[in-house]
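This is what each chain is made of:
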Amino acid sequence: MNPGKWLRQQVDRGRLAWAGRFGEIRQPEKWVFILGCYNSGTTLLHDVLASLPQVAHLPREGQYCTDQLLVPSTVGLARAWALRPELFTLDDTAKGAADANRLQRQWCSMMSAADGKIYLEKSIPNAARIPWLDANFPNACFIGIVRNGYVVAEGIRRKAGRPLAQGARQWAVANKIMLRDLESVARARVISYEDFTQSPEHVIGELLEFLGLPPSQNMMQGSEWAIHGVKSSIRNMNHASLQRLSTQDKTIIEGEAAALLGRLGYLQTS
């Protein structure tokens, strides 16, 4: 290992250890968790909400800002946590798997603004931890986002080099768990990537109302966001991914995810 990288890792571990023991647990009005499968628009949604002055956020996904949550890439599951969901599942009765107080101390110590009304967090595997997060974070709110499963599976294959069937299984299992568990919590909303990109002002307006935040007029007009590493206005990018899929590719995806594709209105009939 590069000596510089090793030193940075040791410093990061030391900071997390200190924060986990001595950091202050703050009480924002709400903890807001963004959930969804990989390549579903979670980062874009996070960045839009994080741009609001009332919203504090972490410097990166919350799973990297703590030593309490398993990171998929450390167990060979990069972009594929739902292939082994039992490794990531937490519920409101789970004990010993994660220390909620330590986790809160670490996240609070890294929030962009200590006095933010809302603390915003996004980690893809948190779809497996919804009941546990709801039980341990006061006034927790959850926003799930779903996207066309063909597109997501193609993106996982392209970005992680995984077989198309694994990408489709990741999409299907992750969304089944997320949609099921969101029904068990008091404060949750589900949006689609397609609606978000077609009518961003409308969707964000509804989410602001859900979160008890004032309307933010014209916040989307003329704004650009980092989308796949490129600055762009919000737009639906499904078409390019769909064009990369052959008829055989689509059959493979449907073999893993046809039921949920149909339930969510994504199943292609031609």
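You'll find the structure just up there.
Just so it is clear, the structure is predicted and the values come from calculations on it, not from any experiment.

A. Highlighting the side chain of Gln106. Note on placement: Gln106 falls in helix α3 (residues 100-110). On the basis of relative accessibility, which here comes to 0%, the residue Gln106 falls in the buried class. Not counting residues up to four positions away in its chain, the partners in contact with Gln106 are Leu16, Ala19, Gly20, Cys65, Thr66, Asp67 and Gln68.

B. The layout of surface pockets, seen in detail. Reported here for the largest pocket is a volume of approximately 580 Å³. Around the largest pocket sit 20 residues that line it, and Asp12, Leu16, Arg60, Tyr64 and Thr66 are the ones nearest its centre. Listing elements by their share of the lining of the largest pocket, those giving two or more residues are α1 (3-22) and α3. Per element, the largest residue contribution to the lining of the largest pocket is six residues, and it comes from α1. The residue inventory of the lining of the largest pocket, partitioned by class, reads nine nonpolar, five polar and six charged. Estimated volume of the second largest pocket: approximately 490 Å³. What lines the second largest pocket is a set of 25 residues, and nearest its centre among them are Asn39, Thr42, Thr43, Arg79 and Lys122. When contributions to the lining of the second largest pocket are tallied by element, the ones reaching two or more residues are α2 (42-50), α7 (193-198) and β6 (225-227). Per-element accounting of the lining of the second largest pocket gives the leading share, three residues, to α2. Taken together, the residues that form the lining of the second largest pocket break down as 10 nonpolar, nine polar and six charged.

C. Region of the structure containing the packing of helix α5 (residues 149-160) against helix α10 (residues 247-263). For the pair α5 and α10, interaxial distance at closest approach is 10 Å and the crossing angle is 130°. Between α5 and α10, the angle is such that the two are oblique. For the pair α5 and α10, the crossing hand works out as right-handed. Between α5 and α10, the contacting residues are Gly149, Tyr150, Ala153 and Arg157 on the first element and Asp249, Lys250, Ile253, Glu254 and Leu261 on the second. Counted by class, the contact of α5 with α10 contains four nonpolar, one polar and four charged residues.

D. Layout of the environment of Phe88. Mapped onto the fold, Phe88 is located in the loop between β2 (55-57) and α3. A residue is classified by how much of its surface remains accessible, and Phe88, at 1% relative accessible area, is buried. Linking Phe88 and Pro125, residues 37 residues apart in sequence, is a C-alpha distance of 6.7 Å. Apart from the residues lying within four places of it in its own chain, the contact partners of Phe88 are Leu70, Val71, Pro72, Val75, Leu77, Trp81, Pro125, Ala128 and Arg129.

Each value, and the rule that gives it
Residues numbered from 1 in each chain as written. Predicted model: local features only at pLDDT ≥ 70, side-chain atom pairs only at ≥ 80, totals over all residues. Heavy atoms only, no water. Helix = DSSP H or I, 4+ residues; strand = E, 2+ residues; numbered from the N terminus. Buried < 20%, exposed > 50% of the residue type's maximum accessible area, 1.4 Å probe, protein only. Contact = heavy atoms within 4.5 Å. 1 Å grid on protein atoms, 1.4 Å probe; cavity = no way out; pocket = protein on both sides within 12 Å on 5 of 7 lines; lining within 4 Å. Points joined across faces, edges and corners; volume = space filled by probe spheres on them. Nonpolar A, V, L, I, M, F, W, Y, C, P; charged D, E, K, R; others polar. Axes fitted to C-alpha atoms, helices over the stretch in contact; angles between N-to-C directions. Parallel < 35°, antiparallel > 145°, perpendicular 65-115°, else oblique. Left-handed = near helix turned anticlockwise from the far one by under 90°.

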